[in-house]
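# Residue-level structural notes
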Amino acid sequence: MSNGLKIALIVLAVILVIAIPIVGSYNSLVNLEQTVNKAESNIDTQLQRRSDLIPNLVNTVKGYASQEKDIFTDIANARSKLAGATSVTEQADADSQLSNALSRLLVVVERYPDLKSNQNFRDLSVQLEGTENRIAVARQDYNTAVTNYNAKRRRFPTTIISSLFGFQEKPLYKASAGATDVPSVDFNQQ
């Protein structure tokens, strides 16, 4: 074997030793990023499902509680904001506002025993509750996917690959400020 061939094989071996981890890291980041995208899409799907249920729920309640205009307006505004959200942060904020408005609506329903016994309202409430559970699971799945992606992206030597190929950090799905505030409902208002 000539010296030229030996050098070429050594160079090829060195290139392979360097290239294989780079390709592996890149592919791993692509897979994790796609998992994040899928999880974000699942949140969108469940939020859309809830958004589609809300008009039916609101119309059912309106028949019994027409004087509760403010809550209906708040729900409509929050749905519009959610529909127009362009980032995970905006979506989380709008989702929080919508959840708050829906909580207030369900508290108001307590004033109307006939409404609570209405089969249509009960069916819609069960569907909404199931959807809320799906949304919670989708948020958890998204945050798990983002955490895995962001951790992988920051580990050495993958951090070099992520910088070279433009893999950006993904935001966690967080409740907006004030999301833990309990909605106030005054049963003495007429």
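Residues numbered from 1 in each chain as written. Predicted model: local features only at pLDDT ≥ 70, side-chain atom pairs only at ≥ 80, totals over all residues. Heavy atoms only, no water.

In the nomenclature of an unreviewed UniProt entry, the protein chain corresponds to LemA family protein from the organism Clostridium paraputrificum. In its Sequence similarities (unreviewed entry) section, the UniProt record describing the protein chain reads: "Belongs to the LemA family." A UniProt comment under Subcellular location (unreviewed entry) is attached to the protein chain, and it reads "Membrane". (UniProt positions renumbered as here; feature names shortened; annotations may be inferred.)

This brings us to the overall build of the protein chain. When helices and strands are tallied, the protein chain shows six helices and zero strands. The helix and strand sequence of the protein chain, counted from the amino end, reads α-α-α-α-α-α. Compactness check: the protein chain gives a C-alpha radius of gyration of 25 Å against a globular reference of 16 Å for 190 residues, more than 25% above the reference. Reported as C-alpha extents along the three principal axes, the dimensions of the protein chain are approximately 95 × 30 × 20 Å. By the burial criterion, 29% of the 190 residues in the protein chain qualify as buried. The long-range share in the protein chain, meaning contacts at least 24 apart out of those at least 6 apart in sequence, stands at 78%. For the protein chain, the distance from the average position of its 20 positive side-chain charges to the average position of its 19 negative side-chain charges is 9 Å. (Helix = DSSP H or I, 4+ residues; strand = E, 2+ residues; numbered from the N terminus. Rg over C-alpha atoms; globule rule 2.2 N^0.38 Å. Buried < 20%, exposed > 50% of the residue type's maximum accessible area, 1.4 Å probe, protein only. Contact = heavy atoms within 4.5 Å. Lys, Arg positive; Asp, Glu negative; His and termini not counted. Charge placed at Lys NZ, Arg CZ, Asp CG, Glu CD.)

Turning to the environment of Thr35, a few remarks are in order. Mapped onto the elements, Thr35 comes out in helix H1 (residues 3–64). The spatial distance from the C-alpha of Thr35 to the C-alpha of Asp141 is 9.5 Å, given a sequence separation of 106 residues. Here the side chain of Thr35 touches Asn31 through a polar contact of 3.0 Å, landing on its backbone oxygen. (Polar contact = N/O pair within 3.5 Å; in protein donor to acceptor, adjacent residues only side chain to side chain.)

Quick look at the packing of aromatic side chains now. For the structure shown, the criterion picks out three aromatic pairs. Consider the rings of Tyr26 and Phe165, whose centres lie 4.8 Å apart with planes at 65°: the pair is edge-to-face. Of this pair, Tyr26 sits in helix H1 while Phe165 sits in the segment after helix H6 (158–164), and the two are 139 residues apart along the sequence. Since its relative accessible area comes to 32%, Tyr26 is described here as partly exposed. (Phe/Tyr/Trp six-rings, centres within 6.5 Å; stacked < 30°, edge-to-face > 60°.)

On to the UniProt feature "transmembrane region" (unreviewed entry) in the protein chain, then. Feature annotation in UniProt assigns "transmembrane region" (unreviewed entry) to the following positions: residues 7–26. A helix fraction of 100% and a strand fraction of 0% characterise residues 7–26, whose end C-alpha atoms lie 28 Å from each other.

Attention shifts here to the pattern of salt bridges. Applying the stated rule across the entire model yields six salt bridges. Salt-bridge contacts for Asp74 lead to Arg104; the nearest nitrogen and oxygen are separated by 2.3 Å. Of this pair, Asp74 sits in helix H2 (residues 69–83) while Arg104 sits in helix H3 (residues 88–109), and the two are 30 residues apart along the sequence. A residue is classified by how much of its surface remains accessible, and Asp74, at 30% relative accessible area, is partly exposed. Residues joined in a network through salt bridges with shared partners are Arg50, Asp95, Glu132 and Arg139. (Salt bridge = Lys/Arg side-chain N within 4 Å of Asp/Glu carboxyl O.)

In the predicted model, the protein chain carries a mean pLDDT of 85, and the fraction of residues at 70 or more is 91%. The least confident element of the protein chain, judged by mean pLDDT, is helix H4 (residues 113–117) at 76; the most confident is H6 at 93. (pLDDT = per-residue confidence, 0-100.)

Across its 62 residues, H1 extends 92 Å between first and last C-alpha, which sits within 8% of the 92 Å expected from 1.5 Å per residue. The largest bend along H1 reaches roughly 25° and is located at Ile54, with the proline Pro55 sitting one to four residues downstream. (Expected span 1.5 Å × (residues − 1). Bend = angle between axes of the 7 residues up to and from the residue.)

Another point: the environment of Ile43. Within the fold, Ile43 resides in helix H1. Under the relative-accessibility criterion, Ile43 is labelled buried at 1%. Considered as a pair, Ile43 and Ile135 are 92 residues apart in the sequence and their alpha carbons are 6.1 Å apart. Leaving out residues up to four positions away in the same chain, Ile43 has contacts with Gln91, Ala138, Arg139, Tyr142 and Tyr173.

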